[in-house]
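Structural overview for review
This is what each chain is made of:
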Amino acid sequence: DKAQIGVTGLAVMGRNLARNLARNGHRVAVHNRHRERTDELIEQFGSEGEFVPSHSLRELVDSLERPRRIVVMVKAGGPTDAVIEELVPMLDNDDIVVDAGNANFEDTLRRESSLAERGVRFVGTGVSGGEEGALHGPSIMPGGSASAYRELEPILRSIAADVDGTPCVTHVGENGAGHFVKMVHNGIEYADMQLIAETYDLLRGVLGRGPGEIAETFREFDRGRLESYLIGITAEVLDHTDPRTGRPFVDVVLDQAEQKGTGRWTVQNALELASPVSGIAEAVFARSISGQVRLRQAGRNLPGPSTPAEQPDPERFVADVEQALYASKIIAYAQGFNQIRAGSETYDWNIDYGAVATIWRGGCIIRAKFLDRIRAAYDQNPELPSLLGDENFRQALEQAQDSWRRVVATATSLGIPVPGMSAALAYYDTVRAERLPASLIQGQRDYFGAHTYRRTDVDGVFHTEWAGDRSEHGA
Ligand code: NDP
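Residues numbered from 1 in each chain as written. Predicted model: local features only at pLDDT ≥ 70, side-chain atom pairs only at ≥ 80, totals over all residues. Heavy atoms only, no water.

For the protein, the name recorded in an unreviewed UniProt entry is 6-phosphogluconate dehydrogenase, decarboxylating, with Actinopolyspora biskrensis as its organism. Per UniProt, the protein has the following entry under Catalytic activity (unreviewed entry): "6-phospho-D-gluconate + NADP(+) = D-ribulose 5-phosphate + CO2 + NADPH". (UniProt positions renumbered as here; feature names shortened; annotations may be inferred.)

So, in structure tokens, the structure goes:
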């Protein structure tokens, strides 16, 4: 009997994805460059379902029913290209290669078009949820031709996370759309984590509460509208006591946040698309600063606020912080979804934004009740120019804004950095402003570079003779 699907690359992600496939009744051919991983998988988990061990890519290819479906789950970048290049000459027309690694969507665009020329269908898919997700049900974001997706759909639906009977998988769009959306997912994840970290820092710095007490506050948040995987694990981490020292875990961990690069990709792409994601950018930069030891050593000499700030009422401050976190989160997601829109328009993907919110409700790192509200907003108006234009979000921001401003003001007066919350607030105030000082920028540009400007009252393009008589010329 031939296998229905193959997986090559059996490190944590590939192994767990293969087990998930087998547990759901699929006959899975498995392969890894070094055969030890394959043997180990069969030895430890072989009884979970039907596995077909293969010790070469040739064997893997030969063991599959046609059209073949092969999931590549190896290290992103060069290794993925190497595996694809070795694989493709062995494949037939219409076979399907699925790259489920964390590829940059631009690599996916390149791979898809190169494989299409060679008659092989290529699907670049985002998979979120880490190793637990891969095993028990990830959020799956596939991009590629509709025909390839149709061949994969029943299998993907069977292994994806499930929320209220809806599997967390959808055909995001052609070629790079899936990896693009996964990239923005990760960017939003950075922003969300940063906002939660700022909330913790405020509760600690302003109210002097300990990690255990703050864990309790996050548990309370988790029972309300902020309910999410990230808030839940935050409470767990804050509650953890270091077994070596008996101190709170967060106090013994080096405060230098690392990153693997997907947040940076999101920001780089947002710059290309001119789609502001200041919440994500601040989160990426905050991690960068945290790791810059010499900068931070030099910074330690800089003075903080000289007049002691007023201590806010604790109960009110906790309520204010909850509002600030929620409002900033709305902004971060609104920015992320606008980037997805910009990508969809630029690359012709025709992405269904509500469907993206739907598949993020389960399996992935940013899974949250909140995503139901995003889906509802796009259900009501699929062409919503921004989530901030949705009436429910508008009301939430209206209700939150005074608290949000108080929190940012308190943080500023105490010298506690809240780059995520304050950038979100600045974005909010920028988009709602009737007039922006951009008119002055245009004047400056026209002054030094004759870059011209447009007027509020008359159509056309104008330039002022700044060095001469300051008369205006229409162009
Ligand atoms: P790694 O990213 O650590 O990659 C290890 C796997 O890649 C091993 O199977 C290894 O084979 C194989 N490999 C590396 N180089 C080559 C090569 N030149 N040729 C053939 N095979 C090679 O594994 P993970 O399981 O952590 O991740 C797999 C993919 O999933 C990555 O793209 C990752 O970015 C992505 N991902 C990871 C998540 C996570 O939480 N870890 C979450 C979501 C996506 P060998 O055993 O022979 O060395």
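Around the ligand lies a shell of 19 residues, among which M13, N32, R33, H34 and R37 are the nearest. One nitrogen or oxygen atom from the side chain of H34 is found 2.6 Å from an oxygen atom belonging to the ligand. Here the ligand loses 77% of its free accessible area of 890 Å² to cover by the protein chains. Among the secondary structure elements, those contributing two or more residues to the shell around the ligand are α1 (12-23) and α4 (78-87). Among the residues making up the shell around the ligand, the classes are represented as ten nonpolar, six polar and three charged. (Near = heavy atom within 4 Å. Polar contact = N/O pair within 3.5 Å; in protein donor to acceptor, adjacent residues only side chain to side chain. Areas by Shrake-Rupley, 256 points an atom, 1.4 Å probe, with all protein chains shown as cover. Helix = DSSP H or I, 4+ residues; strand = E, 2+ residues; numbered from the N terminus. Nonpolar A, V, L, I, M, F, W, Y, C, P; charged D, E, K, R; others polar.)

Further remarks concern unusual backbone geometry. With omega at -5°, the peptide bond leading from R66 into P67 counts as cis. Mapped onto the fold, P67 is located in the loop between α3 (57-62) and β4 (69-72). Of note, the phi angle at D94 is positive, near 75°, even though the residue is not glycine. The residue D94 is located in the loop between α4 and β5 (96-99) in this model. A positive phi angle is found at R470, which is not glycine, with a value near 60°.

Quick look at the UniProt feature "active site" (unreviewed entry) in the protein now. Annotation from UniProt places "active site" (unreviewed entry) at K182 and E189. Topologically, K182 is positioned in helix α8 (residues 177-207). In contact with K182, other than residues within four places in its own chain, are N102, G126, V127, S128 and M141. Considering the arrangement of structural elements, one finds E189 in helix α8. With a relative accessible area of 14%, E189 lands in the buried category. Contact partners of E189, with chain neighbours within four places excluded, come to L230, I365 and I366. (Contact = heavy atoms within 4.5 Å. Buried < 20%, exposed > 50% of the residue type's maximum accessible area, 1.4 Å probe, protein only.)

Turning next to the side chain of R19. Along the polypeptide, R19 turns up in helix α1. Relative accessible area serves as the criterion here: at 9%, R19 is assigned to the buried category. Setting aside residues up to four positions removed in sequence, R19 forms contacts with L41, F45, E48, F51 and L135.

Working definition: an aromatic ring pair is given by the centre-to-centre distance plus the angle between the planes. The tally for this structure, following the rule as stated, stands at 16 aromatic pairs. Aromatic ring contacts, followed pair by pair, group F105, F180, Y347 and W349 into a single cluster. Over the aromatic face of F45 sits the side chain of R19, whose NZ or CZ is 3.6 Å from the ring centroid. Sitting over the face of the ring of Y326, R225 holds its NZ or CZ atom 3.9 Å from the ring centroid. (Phe/Tyr/Trp six-rings, centres within 6.5 Å; stacked < 30°, edge-to-face > 60°. Lys NZ or Arg CZ within 6 Å of the ring centre and 35° of its normal.)

Quick look at the pattern of salt bridges now. Think of it this way: side chains of opposite charge can pair up when their charged atoms draw near. This structure, assessed with the given rule, holds 36 salt bridges. Put simply, R204 and D251 hold a salt bridge, and the shortest N to O gap is 2.9 Å. Here R204, found in helix α8, pairs with D251, found in helix α11 (residues 249-252); they are 47 residues apart in sequence, far enough to count as distant. On the basis of relative accessibility, which here comes to 28%, the residue D251 falls in the partly exposed class. Residue R223 pairs with E216 through a salt bridge whose shortest N-O separation is 3.8 Å. Of the residues examined, R223 reaches a relative accessible area of 59% and is grouped as exposed. (Salt bridge = Lys/Arg side-chain N within 4 Å of Asp/Glu carboxyl O.)

Here we take up helix α7 (residues 146-159). The end-to-end C-alpha separation of α7 is 19 Å, in line with the 20 Å expected for 14 residues at 1.5 Å each. Of all bends in α7, the biggest is about 50°, found at L152, and the proline P154 comes one to four residues later. Of all the residues in α7, the buried ones are A148, Y149, L152, I155, L156 and I159. In this structure, the buried side of α7 is in contact with β1 (5-8), α1, β4, β5, β6 (121-128) and β7 (139-143). (Expected span 1.5 Å × (residues − 1). Bend = angle between axes of the 7 residues up to and from the residue.)

Packed helix pairs are characterised by how far apart their axes lie and by the angle those axes make with each other. As a packed pair, α8 and helix α10 (residues 229-239) sit with axes 11 Å apart at the nearest point and diverge in direction by 45°. When the axis of α8 is compared with that of α10, the two are oblique. The crossing of α8 and α10 is right-handed. Between α8 and α10, the residues in contact are E189, D192, M193, I196 and Y200 and L230, I231, T234 and L238, respectively. The residue makeup of the contact of α8 with α10, split by class, is six nonpolar, one polar and two charged. (Axes fitted to C-alpha atoms, helices over the stretch in contact; angles between N-to-C directions. Parallel < 35°, antiparallel > 145°, perpendicular 65-115°, else oblique. Left-handed = near helix turned anticlockwise from the far one by under 90°.)

This part takes up the side chain of R225. Within the fold, R225 resides in the loop between α9 (211-222) and α10. A polar atom in the side chain of R225 sits 2.9 Å from the side chain of E322. Within the structure, R225 has its side chain in polar contact with the side chain of Q323 (distance 2.9 Å). Once you skip the residues sitting within four places of it in the chain, R225 turns out to touch E322, Q323, Y326, R373 and Q399.

Spatial strand order, β3-β2-β1-β4-β5-β6-β7: seven strands in an open sheet with mixed pairing. For this open sheet the edge positions go to β3 (51-54) and β7, each flanked by a neighbour on one side alone. If you compare each strand with its neighbour and ignore which way they point, the axes differ by 25° on average. With four bridges joining them, β5 and β6 adopt parallel strand pairing. Residue pairing across strands places D99 opposite G124, the latter belonging to β6. Each of β5 and β6 is contacted by helix α5 (residues 105-117), which is oriented at about 155° to β6, the strand it contacts most. Its contacts with the sheet place α8 against β5, β6 and β7, and it is angled at close to 15° to β6. (Pairing = 2+ DSSP bridges.)

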